[in-house]
Amino acid sequence: LTQDELKKIAAYKAVEFVESGMVLGLGTGSTAKHAVDRIGDLLRQGKLTNIVGIPTSKKTQEQALSLGIPLSDLDSHPAIDLAIDGADEVDPHLNLVKGRGGSLLREKMVEGACKKFVCIVDESKLVKHLGGSGLALPVEVVPFCWKFTANKLQNLLERSGCVAKLRNDCEGKPFVTDNGNFIIDLYLKEELGDLQIASDAILRIAGVVEHGMFLDMATTVIVAGELGITIKNK
Ligand code: DER
């Protein structure tokens, strides 16, 4: 099975949790895309009715609109029944790294407003601890003096061998999030110690808007692997 086929299997499994009448957080990324497609299919077939979607990015908003999924926002629906979204890393405690697609702020706002947050991944996302994969831990920062903020982040996490890099788009210009901010990607050589302490310290830096560690937020993680589907509950 290809990685995308595994993502689709996890996504379709998560959509089995969707009931008619629900307000749904619609995730962002290549795995969540399959879930949004599936919800659109079931609505069109009349197997799901009376669904309202709260998108976690402009990209997902466009996808949902094209599928005819009725949309709203957090102002109108501050309490959401269920969110389905992917992740970049999942640790054994169901803590996540998200945001390599650049949507972490709206994802964390929407998923923080949900009664249930079902995270969908292929098995390659499973890690022993967050941040140690050598891949990016994204932090959304205001554009104003972003170098100052990047240095603060790098110094804060220097014990983990942190290197902070401004994320550029495909034209080499700073990537701009849906919210008009920049992303600083933190590359760590060592695992982070206490994640909550690291989270609080990062958020205390004035130029930081939000980071990509989703601690104690996922209620269920659906993992699709070569040997089948595993469902992990909080
Ligand atoms: O950027 C994000 O937060 C995405 O949800 C990411 O965490 C998962 O993206 P993928 O499903 O394309 O791997």
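To be clear, the structure that these remarks concern was listed above.
Residues numbered from 1 in each chain as written. Predicted model: local features only at pLDDT ≥ 70, side-chain atom pairs only at ≥ 80, totals over all residues. Heavy atoms only, no water.

J.: Got a minute to help me understand the pattern of salt bridges in this structure?
T.: Here the idea is simple: oppositely charged side chains can pair when their charged atoms come close. Using the criterion set out here, one finds 11 salt bridges in the structure. Between K33 and D37 there is a salt bridge, with the nearest N and O atoms lying 2.9 Å from each other. With K33 and D37 both in helix α2 (residues 30–44) and 4 residues apart, the pair spans about one turn of that helix. In this structure, D185 engages R167 in a salt bridge whose closest nitrogen and oxygen atoms are separated by 2.8 Å. One end of the pair, D185, is in strand β9 (residues 182–187); the other, R167, is in the loop between β8 (163–166) and β9, with 18 residues separating them in the sequence. Exposure remark for D185: the relative accessible area of 5% places this residue in the buried category. The class for R167 is buried, based on a relative accessible area of 12%. Salt bridges sharing common partners tie together D85, K98 and E107. (Salt bridge = Lys/Arg side-chain N within 4 Å of Asp/Glu carboxyl O. Helix = DSSP H or I, 4+ residues; strand = E, 2+ residues; numbered from the N terminus. Buried < 20%, exposed > 50% of the residue type's maximum accessible area, 1.4 Å probe, protein only.)

J.: Looking at this model, I keep getting lost on α2. Mind explaining?
T.: Side chains three or four residues apart in an α-helix point the same way, a direct result of the helix having 3.6 residues per turn. Look at α2: 21 Å from first C-alpha to last across 15 residues, which is about the 21 Å you get at 1.5 Å a residue. Where α2 is concerned, the buried positions are T31, A32, H34, A35, V36, D37, I39, G40, D41, L42 and L43. Considering only its buried residues, α2 is in contact with α1 (3–15), β1 (23–26), α3 (58–67), β3 (80–85) and β6 (114–122). Within two residues after α2, G46 carries a phi angle of roughly 80 degrees, on the positive side. (Expected span 1.5 Å × (residues − 1). Contact = heavy atoms within 4.5 Å.)

J.: What is the right way to look at the site of the ligand in this model?
T.: Around the ligand sit 16 residues in total, of which T28, S30, G101, E107 and K125 are the nearest. Between the ligand and D85, the relevant distance is 3.4 Å, taken from an oxygen atom to a side-chain nitrogen or oxygen of the residue. With the chains in place, 90% of the 350 Å² that the ligand exposes on its own is no longer accessible. In this structure the site holding the ligand corresponds to the largest pocket. Grouping the amino acids of the shell around the ligand by side-chain chemistry returns 1 nonpolar, 8 polar and 7 charged. (Near = heavy atom within 4 Å. Polar contact = N/O pair within 3.5 Å; in protein donor to acceptor, adjacent residues only side chain to side chain. Areas by Shrake-Rupley, 256 points an atom, 1.4 Å probe, with all protein chains shown as cover. 1 Å grid on protein atoms, 1.4 Å probe; cavity = no way out; pocket = protein on both sides within 12 Å on 5 of 7 lines; lining within 4 Å. Sits in = over half its atoms within 2 Å of the grid points. Nonpolar A, V, L, I, M, F, W, Y, C, P; charged D, E, K, R; others polar.)

J.: Would you take a moment to explain a nonpolar patch on the surface for this structure?
T.: Residues L1, I9, I229 and I231 make up a contiguous nonpolar surface patch of about 330 Å² in total accessible area. Relative to the assigned elements, I231 resides in strand β13 (residues 228–233). (Patch = residues over 30% accessible without salt bridge, like charges linked within 9 Å, V, L, I, M, F, W, Y side chains within 5 Å.)

J.: Looking at this structure, I do not really get unusual backbone geometry. What am I missing?
T.: Glycine aside, the phi torsion of most residues is negative, and most peptide linkages are trans. Positive phi outside glycine occurs at L94, with the angle close to 70 degrees. With respect to the secondary-structure elements, L94 resides in the loop between β4 (89–90) and β5 (96–97).

J.: Can you help me understand the layout of surface pockets in this one?
T.: Its volume calculated, the largest pocket comes out at about 540 Å³. Contributing elements (two or more residues each) for the lining of the largest pocket: α2, α3 and α4 (104–112). For the lining of the largest pocket, the per-class residue count stands at 6 nonpolar, 15 polar and 12 charged. In this structure, the second largest pocket spans a volume of roughly 210 Å³. Together, L156, L157, R159, S160, E191, L192, G193, D194, I197, A198 and A201 line the second largest pocket. Here the lining of the second largest pocket gets 3 residues from one element, more than from any other, and that element is helix α6 (residues 195–203). Its residues assigned to classes, the lining of the second largest pocket comprises 6 nonpolar, 2 polar and 3 charged. (Points joined across faces, edges and corners; volume = space filled by probe spheres on them.)

J.: How should I be thinking about the packing of aromatic side chains in this particular structure?
T.: Centre-to-centre distance and the angle between the planes together describe a pair of aromatic rings. Enumeration according to the criterion identifies 0 aromatic pairs in this entry. One Lys or Arg, K165, reaches over the ring of Y187 and ends 5.1 Å from the middle of that ring. The ring of F175 has R167 lying over it, and the distance from NZ or CZ to the ring centre is 5.7 Å. (Phe/Tyr/Trp six-rings, centres within 6.5 Å; stacked < 30°, edge-to-face > 60°. Lys NZ or Arg CZ within 6 Å of the ring centre and 35° of its normal.)

J.: What's the story with the packing of α2 against α3 in this structure? I'm lost.
T.: When two helices pack together, their arrangement is given by the angle between their axes and by how far apart the axes lie. Direction vectors running N to C along α2 and α3 enclose 20 degrees, while the axes themselves pass 9 Å from each other. In this view, α2 runs roughly parallel relative to α3, as classed from their interaxial angle. Seen from above, α2 lies across α3 with right-handed handedness. Contacts between α2 and α3 pair K33, V36, D37 and G40 from the former with T60, Q63, A64 and L67 from the latter. Across the contact of α2 with α3, the residue classes break down as 3 nonpolar, 3 polar and 2 charged. (Axes fitted to C-alpha atoms, helices over the stretch in contact; angles between N-to-C directions. Parallel < 35°, antiparallel > 145°, perpendicular 65-115°, else oblique. Left-handed = near helix turned anticlockwise from the far one by under 90°.)

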